[in-house]
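Each chain, written out:
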Amino acid sequence: MRLSLSLIVFLGAIINGYAQVTATLSGRLFDQETRSSIALATVTLAPAADQPIRAGALSDMEGRFSMENIPSGSYVLFVNAPGYEAWQTEVLIGELNQVFDLGKVFLQVKSTTLGEVTIEGSTSTVSEGLEKKTFSLDDNISQSGGSVLDALRNLPGVTVDPQGKVLIRGSEQVLVLMDGRESSLTGFGNQKGLDQIPASNVDRIEIINNPSAKFESRGMAGVVNIIYKKEQQKGLNGEVGVGAGFGEWTTRRENLPNISRKYSFTPKVNPSLRLNYRSTKTNFFLQADGFSRRRINANEFSLRNYTDPNVPDITSQFLENRTQNLYNIKGGLDFYLNPRTTVTAFALWQDEYHIDRGDVPYDNAETGQRIRLWRWAEDEHTRFINYSASVNHKFPQAGHELTLGYLYTGGGEDEFFPFSDSSAIRQSKDNTFLTVFEYINTFNLDYTKPLKSGRLEMGTRIRLRNIPLTYTLFPGSGSILDRNLGAYSNYSEDVYAFYGNYLREARVMTVEAGMRFEPTFVDFTIDPANRYYGAVKYHYLPLFPNVRLSWKLPAGQKLSAFYSRRVDRPGEFDLRPFPKYDDPEILKTGNPSLRPQFTQSFEVAYKNSWDKGSIYVSTFYRKIDGIFSRVYGQDTASIYPVVNAITQNIGKGTNLGAEVAFEQAVNLKWRFNASFSLYRNWINAASGTLYYPYEQPFQFGETKILTWNAKFNNTLRLAGNVEWQVTAVYYAPDLVPQGKILHRFSLDTGLKKKIWNGKGEWILAATDLLHTFQVAKVLTTEGLTLTTTNYYETQAAMLTFRYKL
């Protein structure tokens, strides 16, 4: 029996596993003639007249009744009230609403025959409408002890690059939420905060490829929603844990001669704490976790091949050793003013400090002679904070509610970046000091009204975003850094959103349609001393429709079709008008003139479930206008060749692909799941002008590539309450402007043992056992071919202990 119950739990959480659908059914009883409410009537629900009752309720003094946790299926609803004719009707509990309302039911003193009423609703861990997939981190053993970014790498359709960008179906334009809200941890710095969120306190991750109009319109690839653990039981409960391990126990490639030693056997510690105290009137919660670790943040070997025979080919190594300490604290309170009104307030803090020590030697590729050696010691301090307050009021009708909320998110960094150059060309130092902070104030009003066969959602959201930045430059003699950029900028973006979304569900077909209107106003102030860019001010008034059609097919099969339009606004780093070293001769610079990109998405998805498994198949097509990406160009006016990587709108493109996810429980001890994603990225030929550091035209022809990735999880239940998981991940070559990324492969494994009747557990996890997940790129621009391979740290092992209070 214990094995059977465990299997049920595991099947509900593995990849694309579907949870039992339940719903809340409500209504209100009235006298047909007098229109007065009927109290103390008995309302029951059963699969058929001659079958056991599944749920029951009494109507209150206003004639209202409500029944919860009703599984999906066909039922008969019976109403009996003294002095009235017994009444019954067939109801259908569908799969796309959590709550729904029968509406007004009129009872007559005399017998009468009433027509059939069809009711549909759903609640599901993984959406039965096929627009959302949910993955439990408890079953992701191979990546336990790591960050949320490590866990995302293992999910179907998701890839992760070494800069910490999450790509879904080949696109890095992803909206990342935490508990359904924006967060400074994931919104600042182009999602780099995902690597700074330990997975220890995260319950599950949702991937929403086709969000409704209720969600913000950002993110052409969809939404990643990170959901923290939260206890529902009364009293004091929670979990405490600690993980420790090390990484980089093998070396793929030895350092170039005479540079600093690369870190090895890098130590890591991950403590975590989760406490929850729930009473009748209040619910207090506290979550804390952190990392203290060393790591190889970058170890990139490069070869520059120049077409000019007078310029020697150069080999180099960009080595960056990092020491990092960070912590996250989240605390809050739910206060129940009355049975229908709840006030929630919480705060989330993160503080992160790291020190980077790095060398970049440049050698003649033919002779091996050292040309120059760069060294730096970066100290960077980042901090993030969120405050949130909301009021939720539930009307007497089940599922009828109104929410008013405020959210403040702030994140920033202080970055001191000193460089030294020991080349024969110059003996000097460059120092830069950057301070940037992002403030976002969000106000929202959301209203939900359940209907007889669906629901209505509408609301408004105001998002005020402000990013002040100061930049101080201390250039050395012969510096390649530009003295004509000014010292400050301030980016302001105000978005006023209004949305409406309607869902109607019938026995066979479901229709969901919505519209979001987002007037957006941008004001970018730049120091007048900047020689290249001036102030930018503009607005746009876009509409973002979404449509979903779903069909219930025989034998538990489902088919859905989607259409949506979305936008991707440039991030702070894309806009920043100041250069940042990618390596000492590659400077990344933003573009204040950058404009948003818009995407139209079409998708058809199919799912077939059976007793011990399921298969999910989808095909998608995206049409993208105004793509922004980094364009590489050479600065030939510098004392030696410098490559500038500047963000630019490069025109149009398409993304066409398919996904397949399959799961199967072979028996009580063995289950596996596999996923395969195939897509074609196509970027049209583009041309334009780079305005930094001087006007220079760029152009490149049409580029396209057919690429894919595959993931396989195999989990075995061994003796002694031990689970063993092996995970394989493969990324095929992919397309980037002016080049491509070569293939990658990782083999991960993990063991989990429960002790003390499930109160405690040990987890041993190891990633990239074969040390094969390096990132290799080939980029081509006029006069230069750049080949790079980054052996950044992907190999790590962690031993974690957790105890449930």
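Residues numbered from 1 in each chain as written. Predicted model: local features only at pLDDT ≥ 70, side-chain atom pairs only at ≥ 80, totals over all residues. Heavy atoms only, no water.

Caption draft 1: Layout of the overall build of the protein chain. When you go through the protein chain residue by residue, the secondary structure sums to four helices and 47 strands. Contacts in the protein chain between residues at least 24 apart in sequence constitute 70% of all its contacts with a sequence separation of at least 6. About 32,400 Å² of surface is accessible on the protein chain, with carbon and sulfur atoms providing 58% of the total. (Helix = DSSP H or I, 4+ residues; strand = E, 2+ residues; numbered from the N terminus. Contact = heavy atoms within 4.5 Å. Areas by Shrake-Rupley, 256 points an atom, 1.4 Å probe, with all protein chains shown as cover.)

Caption draft 2: Local environment of the sheet that holds strand β6 (residues 87-93). One open sheet accounts for four strands, arranged β3-β2-β5-β6; its pairing is antiparallel. On the outer flanks of this sheet lie β3 (55-58) and β6, each paired with one strand and no other. Across the sheet, the mean angle from the axis of one strand to that of its neighbour is 20 degrees, orientation sign disregarded. Inspection of the sheet shows strand β2 (residues 42-46) paired to β3 by four bridges, in the antiparallel sense. Each bridged residue has a counterpart across the sheet, and for V43 the counterpart in β3 is A57. (Pairing = 2+ DSSP bridges. Axes fitted to C-alpha atoms, helices over the stretch in contact; angles between N-to-C directions.)

Caption draft 3: Quick peek at the environment of A661. Of note, A661 is situated in strand β35 (residues 652-665). Here A661 falls in the buried class, since its relative accessible area comes to 5%. A sequence separation of 54 residues divides A661 from K607, and the C-alpha atoms of the two residues are 9.4 Å apart. (Buried < 20%, exposed > 50% of the residue type's maximum accessible area, 1.4 Å probe, protein only.)

Caption draft 4: Molecular detail of the confidence of the model for the protein chain. When pLDDT is averaged along the protein chain, the result is 82, and 88% of the positions lie at 70 or above. Here helix α1 (residues 2-11) stands out as the least confident element of the protein chain, with mean pLDDT 37; strand β25 (residues 520-526) is the most confident, with 94. A low-confidence stretch, residues 1-20 stays under pLDDT 50, and its non-local contacts, those more than four residues away or across chains, total 51 contacts. In this model residues 111-126 is a low-confidence stretch, pLDDT under 50, and it forms 69 contacts with partners more than four residues away in sequence or in other chains. (pLDDT = per-residue confidence, 0-100.)

Caption draft 5: Structural view of the sheet that holds strand β8 (residues 132-136). If you trace the four strands from one edge of the open sheet to the other, you get β8-β12-β13-β11, paired in mixed fashion. Of all strands in the sheet, those bounded by a partner on one side alone are β8 and β11 (175-178). Going from strand to strand, the sheet's axes swing by 20 degrees on average, the running direction of each strand aside.

Caption draft 6: Spotlight on the pairing of strand β33 (residues 628-635). Burial runs high along β33: eight of the eight residues are buried. Pairing between β33 and strand β34 (residues 642-649): eight bridges, direction antiparallel. If you follow S629 over to β34, its bridge partner there is Q648.

Caption draft 7: Structural view of the nonpolar core. Ranked by internal contacts, the top residues of the largest apolar core, which has 55 residues, are Y581 and I650. In terms of nonpolar packing, the next biggest core, distinct from the first, is built from 27 residues, V158, L194, A199 and Y228 among them. (Core = buried A, V, L, I, M, F, W, Y, C linked by side-chain atoms within 4.5 Å.)

Caption draft 8: Local environment of the side chain of Q397. With respect to the element layout, Q397 can be found in the loop between β19 (370-394) and β20 (401-421). The exposure class of Q397 is buried, given its relative accessible area of 9%. A polar atom in the side chain of Q397 sits 3.2 Å from the backbone oxygen of P450. Dropping the residues within four chain positions of it, Q397 is found in contact with S26, R64, D101, K449 and P450. (Polar contact = N/O pair within 3.5 Å; in protein donor to acceptor, adjacent residues only side chain to side chain.)

Caption draft 9: Highlighting the pattern of salt bridges. Applying the stated criterion across every chain, the model contains 25 salt bridges. When the shortest N-O distance is used, the salt bridge between E793 and K268 registers 2.5 Å. Of this pair, E793 sits in the loop between β46 (784-790) and β47 (796-804) while K268 sits in strand β15 (residues 266-278), and the two are 525 residues apart along the sequence. Exposure class is identical for E793 and K268. Each is buried. As a salt-bridge pair, R322 and D356 come within 2.8 Å of each other at their nearest N and O atoms. One end of the pair, R322, is in strand β17 (residues 314-338); the other, D356, is in strand β18 (residues 341-364), with 34 residues separating them in the sequence. The burial state of R322 is the same as that of D356; both residues are buried. Taken together, the shared-partner salt bridges connect E438, R463, R465 and E493 into one network. (Salt bridge = Lys/Arg side-chain N within 4 Å of Asp/Glu carboxyl O.)

Caption draft 10: Structural view of a nonpolar patch on the surface. A contiguous nonpolar surface patch, about 550 Å² in accessible area, is contributed by F498, M515, F517, F521, L541 and L543. Topologically, F498 is positioned in strand β23 (residues 488-505). (Patch = residues over 30% accessible without salt bridge, like charges linked within 9 Å, V, L, I, M, F, W, Y side chains within 5 Å.)

Caption draft 11: A look at unusual backbone geometry. Despite not being glycine, D768 shows a phi value in the positive range, around 50 degrees. If you trace the backbone, D768 turns up in the loop between β44 (760-767) and β45 (775-781). The backbone phi angle of H771 is positive, close to 55 degrees, even though this residue is not glycine. Mapping H771 onto the fold places it in the loop between β44 and β45.

Caption draft 12: Local environment of the environment of L770. Inspection of the secondary structure puts L770 in the loop between β44 and β45. Expressed as a C-alpha distance, the spacing of L770 and F745, which sit 25 residues apart in the sequence, is 8.8 Å. Beyond its immediate chain neighbours, meaning those up to four positions away, L770 contacts F745 and L747.

Caption draft 13: How the structure looks around the environment of I526. Inspection of the secondary structure puts I526 in strand β25. It is 4.4 Å that separates the C-alpha atoms of I526 and S489, two residues lying 37 residues apart in sequence. Ignoring sequence-local partners within four residues, the contact set of I526 consists of Y488, S489, Y533, G534 and P592.

Caption draft 14: Structural view of the packing of aromatic side chains. According to the stated counting rule, one finds 26 aromatic pairs in the structure shown. Residues F246 and F265 carry aromatic rings whose centres are separated by 5.7 Å and whose planes lie at 35 degrees to one another, so their mutual orientation is tilted. Taken as a pair, F246 in strand β14 (residues 235-247) and F265 in the loop between β14 and β15 lie far apart in primary sequence, 19 residues in all. Centroid distance F676 to W708: 5.7 Å. Interplanar angle 35 degrees. Geometry classified as tilted. Linking F676 in strand β36 (residues 670-683) with W708 in strand β39 (residues 703-718), this pair joins segments that are 32 residues apart in sequence. Overall, the relative accessible area of 35% leaves F676 in the partly exposed class. By relative accessible area, W708 is classed as partly exposed at 32%. (Phe/Tyr/Trp six-rings, centres within 6.5 Å; stacked < 30°, edge-to-face > 60°.)

Caption draft 15: Focus on the pairing of strand β32 (residues 613-625). In terms of strand pairing, strand β31 (residues 597-610) meets β32 through 13 bridges, oriented antiparallel. Following the sheet pairing, V604 is matched in β32 by T619. The hairpin formed by β31 and β32 contains two residues between the paired strands. Note: β32 against β35, 13 bridges, orientation antiparallel. Across the sheet, K623 pairs through a bridge with T654, a residue of β35.

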